[in-house]
Amino acid sequence: MNNVLDSGETKNILVVDDTLDNLIFLSAILESKGYCVYTANDGKSAISLAMNYPLDLILLDIIMSDMNGYEVCKQLKSCKQTSKIPIIFMSGLSHVDDKVKAFKMGGVDFISKPFQYQEVMVRVEHHLELNQIQKQLINLNLQLEERVQERTLQLEQANEQLLKIVLHDSLTGLLNRRAFIQQLKQAFQQNQTHLDQPYAILFLDCDRFKFVNDSLGHFAGDELLIAIAQRLQSFLDPPDLIARLGGDEFVILLNPLRHRDPQHIANQILESFSHPFRLGIRTVFINFSIGLAISNPSYQKPEDLLRDADTALYQAKALGKGRYQLFEPEMYQAVLQRLQLETDLRKALVNQEFSVHYQPIISLNSGIIIGFEALIRWHHPTQGLIPPGLFIPIAEETGLIARIGEWVLRESCHQVSAWKKQRLSDYPLTVSVNLSALQFSQENLIKQIDNILDESQLEPQYLNLEITESAILDHPETASDILKQFKKRRINLSIDDFGTGYSSLSYLHSFPVDTLKIDRSFITPIDDNPNTLGLVPVIISLVQTLGMNVIAEGIETAQQLDQLRKLNCNAGQGYLFSKPVNSQTATHLIQSSPHW
């Protein structure tokens, strides 16, 4: 559901809880949906905020130290200015009397702790939508009071249209999220008394819809969604239902299953999307990933089944997209762990839990250190060192990679500038910093780098930015302009992990690239036998013909070093020389002037 309803106004939500972790969690998930979130950790602050800001919804904790949630609710409901604000109570209290009291005090809903992401979002969206609908009905009735004869007809027409808006997707005509949840609740209740009639949910998401939408335009994207809806409907047998939850997300309710195999149906859907769609003169192929969950007596709430289907969908995408995945209980625990890691990652930025480690880059000709690659490390307060391969993908998905990347760039430039001022090396040391695709697409990237170089007093020629092939080739025109500005400032540019992306040397003619880094997967097989060199000699020869330098990654054996030297490879890095080390150890390493 969209965070902005028909009014076009962003909804304001107040979260009241005296537990900081709860405030952080709820703020994060609500802000990720685009809501404007205010927070308060006590009752007095909550009342003050409600009196001074226009609120659309309040999430209110019951047990608080200075004033409990019941007292806060009582004061808000007694004031005309705040009496109409919907209040959802939150509590770990589970006794029915506590819930009854919450509703008697004027609450519209009750969320039990610990929070479930899907439950919180469904309830918040549900009551925001109800609140807006009520406002629309009030305004409509006021207008209809002017003419009694027309009032009945206009009210019927308005209610019919409103029902359509409330229960159906305006683009495809399918049921929307609200209507689907209602139907899901009915299926859940029927299953409670008829356990021999299970049902299933298929949660579907397009794998490349954004690409089609961005390249062909929103009109073509809308055409594609309508065509997708029509194709999906062909797999339904009454009383099965299909709904569009929003964007390119669809959900199918197979109820009852009878003797049907939902996995077979999922395979049929996937096979049907191997056939293209015609959009005007264009032929478009689109893939789906599907999450599948089947009802069983252990489910306590219908929304949990939808949550598990969504979890299975996430797993299907993680395993390669264009496939289906049946939900298994361990998936949910993995999602909870990932959600916790995402929350901890946001805290890590604030709590300064990151550090930069430096892996030396060695001149293979002279054997001395000519620079370092900066690599981020996360020291979790309770879990210890978190592998980058675990948290970097999360940072990229959440957009936190931009802030993390900027921090690494700033720390690295300051560190190399400090080494230069200490005159630790006769050779001018450079620092190589990875630039994520998201950073590369930022409009203020150049200004950001200029500011960091200025404040660190590091000359631009000692900074080497490492960028993947895909970051450049996904947006070649924009990339060309940015790279030219790098070159104008004498900032060096490296292509990182060559061989794992497009693996094409042809584009190197078009961009001012200084260095190519050969991925470790090319280096690992090398031993004394020349037949193990693979494409490495060709890559080195062609790149050097273009006037570029070559750095080999992942050098771990003397045999690999010997073979690369014979090929006149410029430089290398790997555990044969040194693992990534902290700044203090790197300083000692420079001072020792090692030669390999």
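Here is what the cut-offs are and how they apply
Residues numbered from 1 in each chain as written. Predicted model: local features only at pLDDT ≥ 70, side-chain atom pairs only at ≥ 80, totals over all residues. Heavy atoms only, no water. Patch = residues over 30% accessible without salt bridge, like charges linked within 9 Å, V, L, I, M, F, W, Y side chains within 5 Å. Areas by Shrake-Rupley, 256 points an atom, 1.4 Å probe, with all protein chains shown as cover. Salt bridge = Lys/Arg side-chain N within 4 Å of Asp/Glu carboxyl O. Helix = DSSP H or I, 4+ residues; strand = E, 2+ residues; numbered from the N terminus. Buried < 20%, exposed > 50% of the residue type's maximum accessible area, 1.4 Å probe, protein only. Pairing = 2+ DSSP bridges. Axes fitted to C-alpha atoms, helices over the stretch in contact; angles between N-to-C directions. Contact = heavy atoms within 4.5 Å. Core = buried A, V, L, I, M, F, W, Y, C linked by side-chain atoms within 4.5 Å. UniProt positions renumbered as here; feature names shortened; annotations may be inferred.

**Student:** Quick rundown of a nonpolar patch on the surface? Include the residues and the values.
**Tutor:** Together, Leu535, Val538 and Leu542 give the surface a local cluster of nonpolar side chains, amounting to about 260 Å² of exposed area. Mapped onto the elements of the fold, Leu542 is located in helix H20 (residues 536-545). A relative accessible area of 42% places Leu542 in the partly exposed class.

**Student:** Please give an account of the sheet that holds strand S3 (residues 57-61) that cites residues and values.
**Tutor:** Read from one edge of the open sheet, 5 strands run S2-S1-S3-S4-S5, paired in parallel fashion. Two strands lie at the open edges of the sheet, namely strand S2 (36-40) and strand S5 (109-112), each paired on one side alone. On average, each strand axis in the sheet is inclined to that of its neighbour by 20°, with strand direction left out of account. Sheet topology places strand S1 (residues 12-16) next to S3; 4 bridges connect them, and they run parallel. Looking at S3, one finds that Ile13 is bridged to Leu57. This element, helix H5 (residues 117-144), spans S1, S3, strand S4 (87-91) and S5 of the sheet and lies at about 170° to S5.

**Student:** Could you give an account of the nonpolar core, with specific residues and numbers?
**Tutor:** One finds Phe440, Leu463 and Phe486 to be the most contacted residues of the largest nonpolar core, which totals 76 residues. Ranked by the residues each element gives to this core, the list is headed by helix H14 (residues 401-422), at 7 residues. For Leu463, the residues in contact, after removing those within four places along its chain, are Leu409, Cys413, Val431, Val433, Ile449, Leu453, Ile491 and Asn492. Among the nonpolar cores identified, the runner-up in size contains 34 residues, and Ala220, Leu236, Ile265 and Leu270 belong to it.

**Student:** Explain the UniProt feature "modified residue: 4-aspartylphosphate" (unreviewed entry) in the protein chain to me, and be specific about the residues and the numbers.
**Tutor:** When the UniProt feature table is mapped onto this chain, "modified residue: 4-aspartylphosphate" (unreviewed entry) is found at Asp61. With respect to the helices, strands and loops of the structure, Asp61 is situated in strand S3. Asp61 sits in the buried class, given a relative accessible area of 3%. Aside from chain neighbours lying at most four places away, what touches Asp61 is Val16, Asp17, Asp18, Gly69, Met90, Ser91 and Lys113.

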